[in-house]
Structure formats: C-alpha cells, structure tokens
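Analysis of the macromolecular model
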Amino acid sequence: MTGIFIALISGALMSLQGIFNTEVTKQSSMWVSASWVQFSALLTCLTIWAASDRSSFSVLVKINPRYVLLGGVFGAFITYTVIQSMSSLGPAKSTMLIVIAQLTISWGVELLGMFGVEKGDFSIRKLLGLLIAVAGVILFEWES
C-alpha cells in the first residue's frame with residue numbers, strides 16, 4: 001500500500017513540475033529553465049543528504065554497470081521533453097502520453113529482462129491494460 005501511495009505522489013509531483021517548468025521556460029528560455037530545475041534538484045538532494053544520509057560519494061566509482069550512472073543525463077532530457085510537450089500539447093494530454101510511454105517502455109524492459117530487471121512473462125491482461133490506457137487517451141481527446 002505504501003508503494004501505491006508513493007507512486008501516486010510521484011505522478012502528482014511530475015505533473016506539477018512539468019507545469020511549473022513550462023511556465024519558467026515561457027519567462028526565460030529552455031536551457032535556463034532546465035538548468036534551474038537540475039540545479040535546484042541538486043541543492044535539494046545535497047540538503048537532504050547532509051541532514052540524513054552522509055554516506056560517501058566515493059561509492060559511485062564502484063557502480064557497475066557504468067551506464068546506470070546516466071540517470072542524470074536522462075533527467076536533463078526528461079526536463080526538456082516534458083516542457084516541450086506540455087507547451088505544445090497542454091498538461092493533460094502531455095501527461096497521458098508520457099505515462100503511456102513510461103508504461104510501454106517499462107513493460108518492454110521487464111518482458112526482455114533488460115538492465116538487470118528480472119525477466120517477466122507476457123500477459124494478455126497487461127497488454128489489454130495498456131491498450132485500454134491508449135483508448136483512454138483517445139476518449140479523453142475525442143471531440144464530439
């Protein structure tokens with residue numbers, strides 16, 4: 001139950017962040033906005049680390065495989081693509097498409113057992129769930 005609650009909070013925060021970042025971009029520029037997002041995230045993480053964790057950053061040199069350290073690079077492009085999509089599609093349509101893309105890629109990674117994720121079995125029920133989500137986007141956007 002805790003995981004569900006945290007996932008819902010995460011989704012809400014992502015939507016609000018996208019809206020806020022889009023507004024900052026309108027008043028500045030794409031890369032000023034994206035830089036501010038990443039910089040303010042760094043400050044927040046360092047503050048929380050200093051208050052609670054304090055483990056050594058040297059452990060990062062031992063991370064294997066090395067490509068998993070690219071999460072921050074993805075973060076920069078996530079910020080860019082969310083701002084661009086919300087700016088052109090609006091928050092609701094953008095968020096729906098982002099969630100469907102996340103679900104599709106995550107399920108594909110799980111099915112193929114990529115990046116150290118335990119390989120999962122194909123399920124027609126999960127495919128139907130994904131297709132229903134896509135149908136939901138179509139229905140949500142349907143102009144009568």
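Residues numbered from 1 in each chain as written. Predicted model: local features only at pLDDT ≥ 70, side-chain atom pairs only at ≥ 80, totals over all residues. Heavy atoms only, no water.

Some remarks on the overall build of the protein chain
For the protein chain, the helix and strand inventory stands at 5 helices and 0 strands. Shown N-terminal to C-terminal, the secondary structure of the protein chain runs as helices and strands in the order α-α-α-α-α. Taken along its principal axes, the extent of the C-alpha atoms in the protein chain is 55 × 45 × 30 Å. Counting every position in the protein chain, which comprises 144 residues, the buried fraction comes to 17%. Considering only contacts within the protein chain whose residues lie at least 6 apart along the sequence, 51% involve residues at least 24 apart. (Helix = DSSP H or I, 4+ residues; strand = E, 2+ residues; numbered from the N terminus. Buried < 20%, exposed > 50% of the residue type's maximum accessible area, 1.4 Å probe, protein only. Contact = heavy atoms within 4.5 Å.)

As for the confidence of the model for the protein chain
Summary statistics for the protein chain give a mean pLDDT of 94 and a share of 99% for residues scoring 70 or more. In the model of the protein chain, helix 5 (residues 124–141) stands out as the element of lowest mean pLDDT, 94, in contrast to helix 2 (residues 30–53), which has the highest, 96. (pLDDT = per-residue confidence, 0-100.)

A short note on helix 3 (residues 71–89)
Helix length check: helix 3 (19 residues) gives 26 Å between terminal C-alpha atoms against 27 Å at 1.5 Å per residue, within 8%. Along its buried surface, helix 3 packs onto helix 1 (2–27), helix 2 and helix 4 (91–112). Phi turns positive, to about 95°, at Gly90, one or two residues after helix 3. (Expected span 1.5 Å × (residues − 1).)

Structural notes on the pattern of salt bridges
The tally for this structure, following the rule as stated, stands at 3 salt bridges. Its salt-bridge partner being Glu23, residue Lys26 comes within 3.9 Å of it at the nearest N-O pair. Separated by 3 residues within a single helix, Lys26 and Glu23 lie in helix 1, roughly one turn from each other. Salt-bridge contacts for Glu110 lead to Lys126; the nearest nitrogen and oxygen are separated by 3.5 Å. Separated by 16 residues along the polypeptide, Glu110 in helix 4 and Lys126 in helix 5 bring together distant segments of the chain. Assessed through its relative accessible area of 31%, Glu110 is described here as partly exposed. (Salt bridge = Lys/Arg side-chain N within 4 Å of Asp/Glu carboxyl O.)

Points about the packing of helix 3 against helix 4
At a minimum axis separation of 7 Å, helix 3 and helix 4 run at an interaxial angle of 135°. With respect to helix 4, the axis of helix 3 lies oblique. Relative to helix 4, helix 3 is oriented so that their crossing is right-handed. Residues Val82, Ser85, Met86 and Leu89 of helix 3 lie in contact with helix 4, whose contacting residues are Pro91, Lys93, Ser94, Thr95, Leu97 and Ile98. (Axes fitted to C-alpha atoms, helices over the stretch in contact; angles between N-to-C directions. Parallel < 35°, antiparallel > 145°, perpendicular 65-115°, else oblique. Left-handed = near helix turned anticlockwise from the far one by under 90°.)

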